[in-house]
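Report on the structure
Residues per chain are reported as follows:
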Amino acid sequence: MLRCVTYILEVALLIGLALLAPEATSGFEVDLSKHLPRDALVAPLHTVAFIALLVLPVALAIRQVVIGQVRQFTDALVIGLIAAGVATGCAKLLQLSSLNDLYSALVRSPHPAGVTALDPYLAALAAYVTVIGLSGRPRWRNWFALAIIFYCLTSVVLAHDTSTVLSLLITLALGAAVGSGLRYVTGTTSERPTAAEIAAQLSLAVGRIVEIRRVPESRTENRRYIATGGDGEPLDITVFDRDQQAADFFYRLYRRLRLTSQASRSAPLTVSRAVERRALMAYAVEDAGVPTPKLLAALRVGPEAAAVATQHCRGTTLAELPYEPSDRLLGGVWDAVLRLHRHRVTHRALTPDHILVTGGERRGTVMLLDPGDGDVAASDLQIRLDLAQLTAATALLVGPDRAAALARQKLGQTTVTSLVPLLQPVVLHRSTRASLRRRKDVLPALRKGLVGSAPEPGPELEQLERIKPRSVVTLVALVIAGYLVIGQLGRRNFIPVLRQSDWRWVLAGLGLSALTYAGASWSLSGFVLEKLRFARTVLAQLAGTFVTLVAPAAVGGVALNIRYLHKAKVAPADAASSVAVSQVIAFAVHMVLLVIFIAITGGAHQAPFHPPGWSYFALAAIAAIALGVLGVPAGRRLIRSRVAPTIGQVIPRLLDIAQRPAKLAEGVGGALLVTFGYIACLQVSVLAVGAHAPFFAVAVVFLTGQAIGSVVPTPGGLGAIEIALSGALTTIAHVPVAFAVSAVFLFRLLTFYLPIPIGWVAMNYLQRHDAL
């Protein structure tokens, strides 16, 4: 499938090259046509290459039948015919008038009508060879490559008016894409060596093999066998199949990109490299004096696999022990690992199923199995990672308290403390990560046990990731935010608005916008009993502007504030209740001010406020829906389930805050400052564009427009708030439409669009300082 996607991308790139730079290969084609003798050299070569492309597929078919791969030959033949049909169909499509530019670039004929742009036989040949596969057969691969290269070059020279380099390359890539894709769909015949073939090859290296059987459950993805030699001694056989080596390619690539080079384990993709690494690590562990199964042979088994034979050691792994291992036994494990580390060798897979106990618990010997993932000439970081893995695996086996005590006994408090920053799931073995996901309490308890009773806080986690998922999410969010903001700003030419605005009022509006973030920080910190740093709280509110652009405002801002409070050492329950109180108070302040300002505006002698007629019908409909929901038991249960948790969080926190009037005044005052700051900013925006409106009417405009716009589920209220405020300014404050639109745009520019990049910078700053 990876090959299929790659070939499709190649076809797309070649098509793009043909459309964007049709003359890119014409010079090469002209030079070939001019400087090569067509009749004396090129024509005979073309004939030989054409005959070779006819003979080689037949010879390959005979070989497949002789070796018993009839099904693979049949699949290759059928898929080759399908590829020829696909090439013919694509060639017909290229003759459509809508694709005339591409067709002309691929054919380059003065009269291109009727000329076939793609070669069906060449596409069929590419698919045929792809399905059979020539890996491990260098002679066949070289002959086919030479024949195709000479055929293509001579075709360009002899028929340069019809055949082009781009058309031939597209034909080959298209055929290979069809072959790879259908090979993935239909499956392939296994070319893995059988047990009998493995035994026959091993007999040449370790003596006669009289019995071999598959191990049903393996510690690794590779095939494992137990063989019996002529002397009756058992052997452990590990088979490295070529297809299995690339099975986890994408996962290993992801780990390689995400983690630093020393933290990631780069498993080899080729069979030869895998066997070489396994042999090297076996010799290195043995040289370090650490018990491990002795390497007896490492050899190739056909073109698709290799086998490693080691001495079979009878015993029980820690994962299979019927009882909990004693401290003496675990101490033996630590002694073996530390002896290995003194020789600068690591194991990197110290899990319970890779540690074998032979001879019983009291007189037993600890052996390390499968050291092939380890390192020689290991760095200090790699050794510490090995110790961190062993500590985490021991904690899963016997509990974090015993694991921490044993680690302190063997390593000392200083070394143990240096392991705490490395106890991150991302750098541990895959099976250990899976177990920790099921037992989430183990790793925090282990870190706490390793730090001990030291008064200072535990060390911060070490940076072992090149790319954090959070950074990727932030980058994606930044791209989405940029797209949304640029799209919104592109709908209106804001330069004339800024030029015609009174800059004195614009600067005043900018100051009022900044004041709202100070009010938001006070509104949050007023309902938190713990002391918060004012500057960082302001930065968190600025970061909320960016977050609300890419997440629902009711979710993004709340989640960001809870995260900020959690990082500020506020208990999770207290953080959630404080944010809930802040939201409830802000809503209450909003509604109370709306009622007050409507009453004041409605009683004004100049430009009294008269709600439009449809608003009465809307209020009646809302009241009817509310009464209908409350009148049904299911509706009451739904409201109770939604409201009860919030009330349960808000009431106790409010009672705590009520005992501290200064804190209550800070929180309520902050909420009032936010609301009045936005109202004043909208007022000065109206004045900046040359319009006039009563302050109380502008207050009603903002409170109603903000409420209506927030109901519409658009990121950051884009579009919805602008429309609601513009309409409210026109109907309530009687501002002309043109001035209302300009004023609302200036208001949103000062309070939303300009703070977005500042919010992104603030969010990154807080993340770098582990405050968010």
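Please read these numbers as outputs of a predicted model, since none were measured by experiment.

With that settled, the discussion passes to the overall build of the chain. On a plain count of helices and strands, the chain comes out with 31 helices and 10 strands. Counting across all 772 residues of the chain, residues that qualify as buried make up 44%. Looking at the chain alone, contacts between residues at least 24 apart form 74% of all its contacts between residues at least 6 apart. Only carbon and sulfur atoms are counted for the fraction: they give 65% of the accessible area of the chain, which is about 38,800 Å².

What follows concerns the nonpolar core. In this structure, L387, L446 and L450 are the most contacted members of the largest nonpolar core, which totals 53 residues. The set of elements that each furnish at least two residues to this core consists of α12 (271-287), α13 (327-342), β8 (355-358), β9 (365-368), α14 (380-398), α15 (400-411), α16 (413-419) and α18 (442-451). Ranked by residue count, the leading element in this core is α14, at 10 residues. Listed in part, the 38 residues of the second largest apolar core include L594, L682, V689 and F702.

Here the focus is helix α17 (residues 430-438). Along an α-helix, a turn takes 3.6 residues, which lines up residues three or four apart on a common side. Along α17, the residues classified as buried are T432, R433, S435 and L436. For α17, the arc enclosing every buried residue in end-on projection is 165 degrees, short of the 170-degree limit, so these residues lie on one face. In this structure, α17 carries R437 and R438 as exposed residues pointing more than 90 degrees from its buried face.

This brings us to the pattern of salt bridges. Tallied over the entire structure, the rule returns 11 salt bridges. In this structure, the salt-bridge partner of D370 is R278, at a minimum N-O distance of 3.8 Å. Of this pair, D370 sits in the loop between β9 and β10 (375-376) while R278 sits in helix α12; the two residues are 92 residues apart in sequence, bridging distant segments of the chain. One exposure class covers both D370 and R278, and it is buried. A salt bridge links D327 to R402, with the nearest nitrogen and oxygen atoms 2.6 Å apart. Linking D327 in helix α13 with R402 in helix α15, this pair joins segments that are 75 residues apart in sequence. With relative accessibility at 45%, the residue D327 sits in the partly exposed group. By relative accessible area, R402 is classed as partly exposed at 27%. Residues joined by salt bridges that share partners form a network here, namely R192, R223 and D241.

What follows covers the sheet that holds strand β1 (residues 209-214). The sheet built from 5 strands is open, its strands ordered β1-β2-β3-β5-β4 with antiparallel pairing. With one partner strand each, in any of the chains shown, β1 and β4 (295-300) form the two edges of the open sheet. The sheet shows a mean angle of 25 degrees between the axes of neighbouring strands, taken without regard to direction. Note that strand β2 (residues 223-229) and strand β3 (residues 234-241) share 6 bridges and pair antiparallel. When the sheet's bridge partners are listed, A227 is paired in β3 with L235.

Unlike most non-glycine residues, R348 shows phi in positive territory, near 70 degrees. The topology assignment puts R348 in the loop between β7 (345-346) and β8. A relative accessible area of 3% means that R348 is categorised as buried. We note that D370 has phi near 50 degrees; this positive angle belongs to a residue other than glycine. Under the relative-accessibility criterion, D370 is labelled buried at 11%.

What follows is about α12. Given a rise of 1.5 Å per residue, 17 residues ought to cover 24 Å, and the 24 Å separating the end C-alpha atoms of α12 matches this to within 8%. Within the sequence span of α12, burial applies to V271, A274, V275, R278, A279, M281, A282, A284 and V285. G289, located one to two residues past α12, shows a positive phi value of around 80 degrees.

Scanning all chains against the criterion turns up 3 cavities of 30 Å³ or more. Estimates place the volume of the largest cavity at around 60 Å³. Together, 13 residues line the largest cavity, and L318, L330, I355, L390 and T394 are the ones closest to its centre. Ranked by the residues each element gives to the lining of the largest cavity, the list is headed by α14, at 4 residues.

This next bit is on the pairing of β4. With 5 bridges connecting them, β4 and strand β5 (residues 305-311) associate as antiparallel partners. In the sheet register, A298 faces β5, and the bridge partner there is V308. Hairpin geometry of β4 and β5 is characterised by an intervening segment of 4 residues between the two adjacent antiparallel strands and by a positive phi of about 80 degrees at G302.

We now examine the packing of α15 against α18. Contact geometry of α15 with α18 gives a least axis separation of 9 Å together with a crossing angle of 35 degrees. Note that α15 runs across α18; the crossing there is right-handed. Of α18, the residues touching α15 (which contributes P400, A403, A404, A407 and R408) are V442, A445, L446, G449 and L450. Residue composition of the contact of α15 with α18, by class: 8 nonpolar, 1 polar and 1 charged.

Next up on the list: the environment of G332. Here G332 shows up in helix α13. With 33 residues separating them along the chain, G332 and T365 place their C-alpha atoms 7.9 Å apart.

Below, the discussion takes up the environment of L766. Summarising the element assignment, L766 is placed in helix α31 (residues 755-768). When neighbours within four sequence positions are excluded, L766 is seen to be in contact with R536, L539, A540, A771 and L772.

All right, on to the sheet that holds β8 then. An order of β6-β8-β9 is seen for the 3 strands of this open sheet, with the pairing classed as antiparallel. Each of the sheet's edge strands pairs with one partner strand only, and the pair in question is β6 (316-317) and β9. Sheet contacts for α13: β8 and β9; angle to β9, the most-contacted strand, approximately 45 degrees.

In this model, the chain carries a mean pLDDT of 80, and residues with pLDDT of at least 70 account for 78%. Ranking the elements of the chain by mean pLDDT puts helix α19 (residues 469-490) last with 56 and β7 first with 94. Residue range residues 453-458 is modelled with pLDDT below 50. Its contacts to residues more than four positions away, or to other chains, number 1 contact.

Looking now at the packing of helix α30 (residues 737-753) against α31. It is at 6 Å that the axes of α30 and α31 come closest, and there the two elements cross at 0 degrees. One element, α30, and the other, α31, form an angle in the roughly parallel class. Contacts from L749, L750, T751, F752 and Y753 in α30 reach P755, I756 and P757 in α31. A breakdown of the residues in the contact of α30 with α31 according to their chemical character gives 7 nonpolar, 1 polar and no charged.

Turning our attention to a nonpolar patch on the surface. On the surface, a nonpolar cluster with roughly 540 Å² of combined accessible area is contributed by V592, I596, I600, L672, F676, F695 and F696. Broken down by secondary-structure element, the contributors of at least two residues to the nonpolar patch are α24 (572-602), α27 (661-688) and α28 (695-711). At 3 residues, α24 tops the list of elements feeding residues into the nonpolar patch. Here F696 shows up in helix α28.

Aromatic ring pairs: the centre-centre distance and the angle between the two ring planes describe each pair. Going through the model one piece at a time under the given rule, you end up with 9 aromatic pairs. Seen from their ring centres, F597 and F676 are 6.2 Å apart, and the 80 degrees between their planes marks the pair as edge-to-face. Of the two residues, F597 is situated in helix α24 and F676 in helix α27; the sequence distance between them amounts to 79 residues. Its relative accessible area of 34% is what places F676 among the partly exposed residues. With 6.1 Å between their ring centres and 80 degrees between their planes, F702 and F747 make a pair best called edge-to-face. Here the residue F702 occupies a position in helix α28, and F747 occupies one in helix α30, the gap between them amounting to 45 residues. An identical accessibility class is assigned to F702 and F747; each is buried.

What counts, and where the lines are drawn
Residues numbered from 1 in each chain as written. Predicted model: local features only at pLDDT ≥ 70, side-chain atom pairs only at ≥ 80, totals over all residues. Heavy atoms only, no water. Helix = DSSP H or I, 4+ residues; strand = E, 2+ residues; numbered from the N terminus. Buried < 20%, exposed > 50% of the residue type's maximum accessible area, 1.4 Å probe, protein only. Contact = heavy atoms within 4.5 Å. Areas by Shrake-Rupley, 256 points an atom, 1.4 Å probe, with all protein chains shown as cover. Core = buried A, V, L, I, M, F, W, Y, C linked by side-chain atoms within 4.5 Å. Arc of directions from axis to C-beta. Salt bridge = Lys/Arg side-chain N within 4 Å of Asp/Glu carboxyl O. Pairing = 2+ DSSP bridges. Axes fitted to C-alpha atoms, helices over the stretch in contact; angles between N-to-C directions. Expected span 1.5 Å × (residues − 1). 1 Å grid on protein atoms, 1.4 Å probe; cavity = no way out; pocket = protein on both sides within 12 Å on 5 of 7 lines; lining within 4 Å. Points joined across faces, edges and corners; volume = space filled by probe spheres on them. Left-handed = near helix turned anticlockwise from the far one by under 90°. Nonpolar A, V, L, I, M, F, W, Y, C, P; charged D, E, K, R; others polar. pLDDT = per-residue confidence, 0-100. Parallel < 35°, antiparallel > 145°, perpendicular 65-115°, else oblique. Patch = residues over 30% accessible without salt bridge, like charges linked within 9 Å, V, L, I, M, F, W, Y side chains within 5 Å. Phe/Tyr/Trp six-rings, centres within 6.5 Å; stacked < 30°, edge-to-face > 60°.

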